[in-house]
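# Structural overview for review
Spelled out, the chains give:
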Amino acid sequence: MKIVVVGGSGLIGTKLVHNLRQRGHEVVAASRASGINAMTGEGLAEAMTGAQVLVDVSNSPSFEDKPVMEFFETTGRNLLAAETAAGVAHHVALSVVGTDRLLASGYFRAKMAQENLIKASGIPFTIVRATQFFEFVGAIAQSATEGETVRLPPAMMQPIVSDDVASILADIAVGPPLNGTVDIAGPEPIRMDELVRRYLAATHDSREVTTDAGARYYGTEVKDQSLTPGDIPRLGPTRFEDWLSGSITQG
Ligand SMILES: NC(=O)c1ccc[n+]([C@@H]2O[C@H](COP(=O)([O-])OP(=O)(O)OC[C@H]3O[C@@H](n4cnc5c(N)ncnc54)[C@H](OP(=O)(O)O)[C@@H]3O)[C@@H](O)[C@H]2O)c1
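In this report, we go over the structure that sits alongside the text. (Residues numbered from 1 in each chain as written. Predicted model: local features only at pLDDT ≥ 70, side-chain atom pairs only at ≥ 80, totals over all residues. Heavy atoms only, no water.)

So, on to the overall build of the protein chain. A count of helices and strands for the protein chain gives 8 helices and 12 strands. By the compact-globule yardstick of 18 Å for 251 residues, the protein chain fits well, its C-alpha radius of gyration being 18 Å. Of all 251 residues assigned to the protein chain, the portion counted as buried reaches 49%. Put simply, of all contacts in the protein chain between residues at least 6 apart along the chain, 81% involve residues at least 24 apart. About 11300 Å² of surface is accessible on the protein chain, with carbon and sulfur atoms providing 52% of the total. Across the protein chain, the centroid of the 21 positively charged side chains sits 3 Å from that of the 29 negatively charged ones. (Helix = DSSP H or I, 4+ residues; strand = E, 2+ residues; numbered from the N terminus. Rg over C-alpha atoms; globule rule 2.2 N^0.38 Å. Buried < 20%, exposed > 50% of the residue type's maximum accessible area, 1.4 Å probe, protein only. Contact = heavy atoms within 4.5 Å. Areas by Shrake-Rupley, 256 points an atom, 1.4 Å probe, with all protein chains shown as cover. Lys, Arg positive; Asp, Glu negative; His and termini not counted. Charge placed at Lys NZ, Arg CZ, Asp CG, Glu CD.)

Not every one of the 26 residues close to the ligand is listed here, only the nearest: Ser9, Ser31, Arg32, Tyr107 and Lys111. Between the ligand and Ala33 there is a distance of 3.1 Å, counted from an oxygen atom to a backbone nitrogen or oxygen. The contact in question runs from an oxygen atom of the ligand to an N or O atom on the side chain of Lys111, over 2.8 Å. Elements supplying a minimum of two residues to the shell around the ligand: helix H1 (11–22), strand S4 (90–96) and helix H4 (106–120). Sorting elements by how many residues they give to the shell around the ligand places S4 first, with 3 residues. Class assignment for the residues of the shell around the ligand results in 14 nonpolar, 10 polar and 2 charged. (Near = heavy atom within 4 Å. Polar contact = N/O pair within 3.5 Å; in protein donor to acceptor, adjacent residues only side chain to side chain. Nonpolar A, V, L, I, M, F, W, Y, C, P; charged D, E, K, R; others polar.)

This next bit is on helix H3 (residues 65–86). If you check H3, its first and last C-alpha atoms are 32 Å apart, about what 22 residues at 1.5 Å a residue would give, namely 32 Å. The complete set of buried residues in H3 reads Val68, Phe71, Phe72, Thr75, Gly76, Leu79, Leu80, Ala82 and Glu83. Down the axis of H3, the buried set is contained in an arc of 165 degrees. They therefore lie on one face. Among the exposed residues of H3, those oriented more than 90 degrees off its buried face are Lys66, Thr84 and Ala85. Each element contacted by the buried residues of H3 is listed here: strand S1 (2–6), helix H2 (44–48), strand S3 (53–56), S4 and H4. After H3 finishes, the residue Gly87 shows a positive phi value of roughly 75 degrees. (Expected span 1.5 Å × (residues − 1). Arc of directions from axis to C-beta.)

Let's shift gears to the sheet that holds strand S9 (residues 180–185). With parallel pairing, the 7 strands of this open sheet are ordered in space as S2-S1-S3-S4-S5-S9-S12. With partners counted over all chains shown, the strands left at the sheet margins are strand S2 (26–30) and strand S12 (234–235), one partner each. Inspection of the sheet shows S3 paired to S4 by 4 bridges, in the parallel sense. Opposite Asp56, over in S4, you have Ala93 as the bridge partner. Lying on the sheet, H4 is in contact with S3, S4, strand S5 (125–130) and S9; it crosses S4 at an angle near 160 degrees. (Pairing = 2+ DSSP bridges. Axes fitted to C-alpha atoms, helices over the stretch in contact; angles between N-to-C directions.)

With that settled, the discussion passes to the pairing of S9. Along a regular strand, successive side chains alternate from one face of the sheet to the other. Counting buried positions over the 6 residues of S9 gives 5, a clear majority of the element. The sheet contact formed by S5 and S9 spans 5 bridges and is parallel. Bridge pairing in S9 places Ile127 opposite Thr181. Relative to S12, S9 runs parallel, the two sharing 2 bridges. Residue Ile184 lies in a different strand from S12, and its bridge partner there is Arg234.

Rendered as structure tokens:
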């Protein structure tokens, strides 16, 4: 198959492109780095010619309310229009578990807008909602740091490693469109404060995590049900502890 991966140079995109090429597919790694800009439309029509599937794993360079909404609305419209013109038969997009429960955040309002455009497009689709990536835990710590203190709520999470996200996305990309949403998550539930505490300990970071039920996650209140997957998620096999020890050995 010919598959276009938008955001093909990113964390998930690089792994997804590699995985699909290993399986023998013709893959276009589309991003500004390869001259394809989903904001302006540059290079889209050419990239899409003859493609059966498009997987959108792009992300906004800015997470501020206005630019992030502009990114997901504009790129969403441009991609879907180019796919319609080229007759692409399956649009796969990576979104976030709980997007509809986190709308107090501008980032999640933008992801919701992206999902709604896909559902209204008429193109057969699969929306894959993932939980937070293991690789994102450092950023969570950073976003909640004041001085030497990291203030976080004890909300339940079920994070997943990027390799497992890429591998599940590759399966879905070569399968039939679900015209629906699938949640994917890691193998184990863990509370946010504890997750970050383990990460900081393993990376010999001296910051202290303070548990605070009222602390916000990127500006949003989160409870146990906010970030955890629905009833029948697909699970990646990699455990956080195994990733921590592996990633630290690799330096
Ligand atoms: N982080 C998490 O824990 C998490 C959890 C669940 C879901 N997600 C979702 O996963 C997706 C991918 O995340 P990621 O961490 O892999 O992203 P990333 O590493 O930041 O990569 C973003 C990609 O988007 C591309 N891009 C940016 N602007 C573009 C444009 N105008 N046109 C075309 N490509 C553009 C970038 O390439 P260039 O700079 O070369 O353009 C890059 O390849 C996001 O949609 C996010 O919402 C993330």
